[in-house]
2 protein chains.
Amino acid sequence: MPKESILVVDDDKEIADLVEIHLISDGYKVFKANSAKEGLEIFQHEDLQLLIIDIMMPEMDGLEMCEIVRQTSNVPIIMLSAKSTELDKIVGLGNGADDYVVKPFSPLELMARVKSQLRRFTTFNTTTNAKKNEIVVTNLRIDLENHNVFAYDKEVKLTPIEFKMLTLLASNPGKVFSTDEIFEQVWNEKIYEANNTVMVHIRRLREKVELNPRNAQLIKTVWGVGYKIEK
Amino acid sequence: MPKESILVVDDDKEIADLVEIHLISDGYKVFKANSAKEGLEIFQHEDLQLLIIDIMMPEMDGLEMCEIVRQTSNVPIIMLSAKSTELDKIVGLGNGADDYVVKPFSPLELMARVKSQLRRFTTFNTTTNAKKNEIVVTNLRIDLENHNVFAYDKEVKLTPIEFKMLTLLASNPGKVFSTDEIFEQVWNEKIYEANNTVMVHIRRLREKVELNPRNAQLIKTVWGVGYKIEK
DNA sequence: AAAATCCTTACGAAATGTTTACAAATAATA
DNA sequence: TATTATTTGTAAACATTTCGTAAGGATTTT
């Protein structure tokens, strides 16, 4: 699953590249622009979750761009600037920006602030809209917060291990997990000698989740490889 | 119309006073606390729009307080700290805080960040934010103002701890709380060693609230996880 | 058919939750 | 203040659920 999309606007290509590298290594999709105008072009055509904008740019500066974006969107904006004077910060934040980082900045701090802003944005968007912290795959629904599991619209009561195992499989529908992988993910331990512990739990899961456990439709066996939940 | 309410938590009274002066001059309503525990007490009784919390405090520190608040609320939190190391920032932001200001800070910058956080919060919360003084879930009704509790239309007399515990569960119907979470929320203290104090209180609550305490319908057990009140 | 892999069952041990009882702490009352 | 009642925390006994193991059966692959 692709994570959030982020737009980086800076006329200094080196800095834009530096930021891009860190964002990508954190799993984000990155758009780059070398001017405010180019940045606005991208903003209007892409579905962005966060903007990182340099203040000092020729032609249109970052503050103006911020204002224009704010006319139509509440997307989080982090401003970059070489000036560390207090006035700049206030202008930046008062202008509709959500955070402010001074150059030269540490990439790790910037990443932390990116994460923080995204958390805010997505948190609010999930509370106001429908609940998003649930997993739905074909005839299976897992409510993570309420710890409820529904299979074929019937609630089933799972043990902690079963819940964790099913969540693992359902979080990556289509992906095949070997018994070793499942063990390591669920028990958080390396596996040393082979045993059929995981298989027994798969059996118990099927007993609770499948219509006909002898002919499993949700949790499928991939011979010689492992188990999966069909996408 | 009174503006937003803000809670300032700092064991250093001089700093709390300084911040208060600036907040008041900007038109905010201010609550002050000198410890995390006191701050949590206020948080649970007042309708706050923003929290400013010092990290370094005796007994419970600001990060722990932040965690406890985040279990039930998305209110913006700005952390204060004397340490300006990068690690601190990341820990602070990763912990659920929304912004971070290093001491000694300039009051004007803090005010700018307050304004920025409030803008975000109120923008997203334009829909509904009325404070309820009554909680109703299935066969349970809690009158917060008069401290009355009705279960199956019969009034029950609860002790302070029982009342707080039931309110916590009923305020988040469906959400599962671990015994540790319940302890932290009700006692406003970090838990150090496991004991069954919470369980005993659950038992006593069930005795008063359930039709058949041996077969609890309101307060349900989620094995290996915690307790919840069904939505 | 043989080999490899997976399924099923059952049972005891371990983990977790419940209940009860009692003493300490707190609040209410005389 | 002394006395009583209520609330709260702790510990131990009890009950239930969950978990891991092993062994034999079933199915698929070679």
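For the structure itself, consult the block above.
Procedures and definitions
Residues numbered from 1 in each chain as written. Chains lettered and ligands numbered in written order. Predicted model: local features only at pLDDT ≥ 70, side-chain atom pairs only at ≥ 80, totals over all residues. Heavy atoms only, no water. Helix = DSSP H or I, 4+ residues; strand = E, 2+ residues; numbered from the N terminus. Rg over C-alpha atoms; globule rule 2.2 N^0.38 Å. Buried < 20%, exposed > 50% of the residue type's maximum accessible area, 1.4 Å probe, protein only. Areas by Shrake-Rupley, 256 points an atom, 1.4 Å probe, with all protein chains shown as cover. Lys, Arg positive; Asp, Glu negative; His and termini not counted. Charge placed at Lys NZ, Arg CZ, Asp CG, Glu CD. Axes fitted to C-alpha atoms, helices over the stretch in contact; angles between N-to-C directions. Parallel < 35°, antiparallel > 145°, perpendicular 65-115°, else oblique. Contact = heavy atoms within 4.5 Å. Pairing = 2+ DSSP bridges. Near = heavy atom within 4 Å. Polar contact = N/O pair within 3.5 Å; in protein donor to acceptor, adjacent residues only side chain to side chain. Nonpolar A, V, L, I, M, F, W, Y, C, P; charged D, E, K, R; others polar.

Caption draft 1: Up close: the overall build of chain A. For chain A, the count of helices and strands is eight helices and eleven strands. A globule of 231 residues ought to have a C-alpha radius of gyration of about 17 Å, yet chain A, at 23 Å, is considerably larger. Across its three principal directions, the C-alpha atoms of chain A cover 70 × 40 × 30 Å. Per-residue burial over chain A gives 47% buried out of 231 residues. For chain A, the computed accessible surface area is about 12200 Å², with 51% contributed by carbon and sulfur atoms. Seen as two clouds, the 29 positive and the 36 negative side-chain charges of chain A have centres 10 Å apart.

Caption draft 2: Local environment of the packing of helix H6 (residues 160–171) of chain A against helix H8 (residues 197–209) of chain A. Residue and element names in this part refer to chain A. The geometry of H6 relative to H8 is characterised by a closest axis approach of 10 Å and an angle of 85° between their N-to-C directions. The angle between the axes of H6 and H8 places the two elements in the roughly perpendicular class. Between H6, through Ile161, Glu162, Met165, Leu166 and Leu169, and H8, the contact on the second element is made entirely by Val198, His201, Ile202, Arg204, Leu205, Lys208 and Val209.

Caption draft 3: Quick peek at the sheet that holds strand S6 (residues 134–137) of chain A. All names here are of chain A. Across the sheet, four strands lie side by side as S6-S7-S8-S9; this open sheet has antiparallel pairing. The sheet terminates laterally at S6 and strand S9 (154–156), the two strands that pair on one side only. For this sheet, the mean angle separating the axes of adjacent strands, direction not counted, is 20°. Looking at chain direction, S6 and strand S7 (residues 140–143) are connected through four bridges and run antiparallel. Note that in S7 the partner of Val137 across the bridge is Leu140. Contacts from H6 reach S6, S7 and strand S8 (148–151) within the one sheet, and its direction differs from that of S7 by about 115°.

Caption draft 4: Layout of the protein's contact with DNA strand C. For DNA strand C, the set of nearby residues contains 23 residues, the closest of which are Arg203, Arg214 and Tyr227 of chain A together with Arg214 and Tyr227 of chain B. Counting only atoms of DNA strand C within 4 Å of the protein, the sugar-phosphate share comes to 82%. The separation between a phosphate oxygen of DNA strand C and a polar main-chain atom of Gly224 of chain A is 3.1 Å. Between DNA strand C and the protein, one listed contact pairs a phosphate oxygen with a side-chain N or O atom of Thr221 of chain B at 2.8 Å. Among the elements of the structure, H8 of chain A together with helix H8 (197–209) of chain B are those that each provide at least two residues to the surface near DNA strand C. Its residues assigned to classes, the surface near DNA strand C shows nine nonpolar, six polar and eight charged.

Caption draft 5: Expanded view of unusual backbone geometry. For the peptide bond that leads from Lys103 of chain B to Pro104 of chain B, omega is -5°, which places it in the cis range. With respect to the element layout, Pro104 of chain B can be found in the loop between strand S5 (99–102) and helix H5 (107–124). Its identity as a non-glycine residue notwithstanding, Thr138 of chain A has a phi of 40°, on the positive side. As for its placement among the helices and strands, Thr138 of chain A is situated in the loop between S6 and S7. According to the relative accessible area criterion, Thr138 of chain A is exposed, its value standing at 52%. One non-glycine residue, Glu59 of chain B, lies in the positive phi region at around 60°.

Caption draft 6: Up close: the protein's contact with DNA strand D. The environment of DNA strand D is formed by 23 residues, the closest being Thr159, Trp187 and Arg204 of chain A together with Thr159 and Arg204 of chain B. Across the atoms of DNA strand D situated within 4 Å of the protein, the share located in sugar and phosphate is 55%. At 3.1 Å, a side-chain N or O of Asn196 of chain A approaches a base nitrogen of DNA strand D. Arg204 of chain A has a polar side-chain atom sitting 2.4 Å from a base oxygen of DNA strand D. Every element with two or more residues in the surface near DNA strand D is listed here: H6 and H8 of chain A together with helix H6 (160–171) and H8 of chain B. Its residues assigned to classes, the surface near DNA strand D comprises ten nonpolar, ten polar and three charged.

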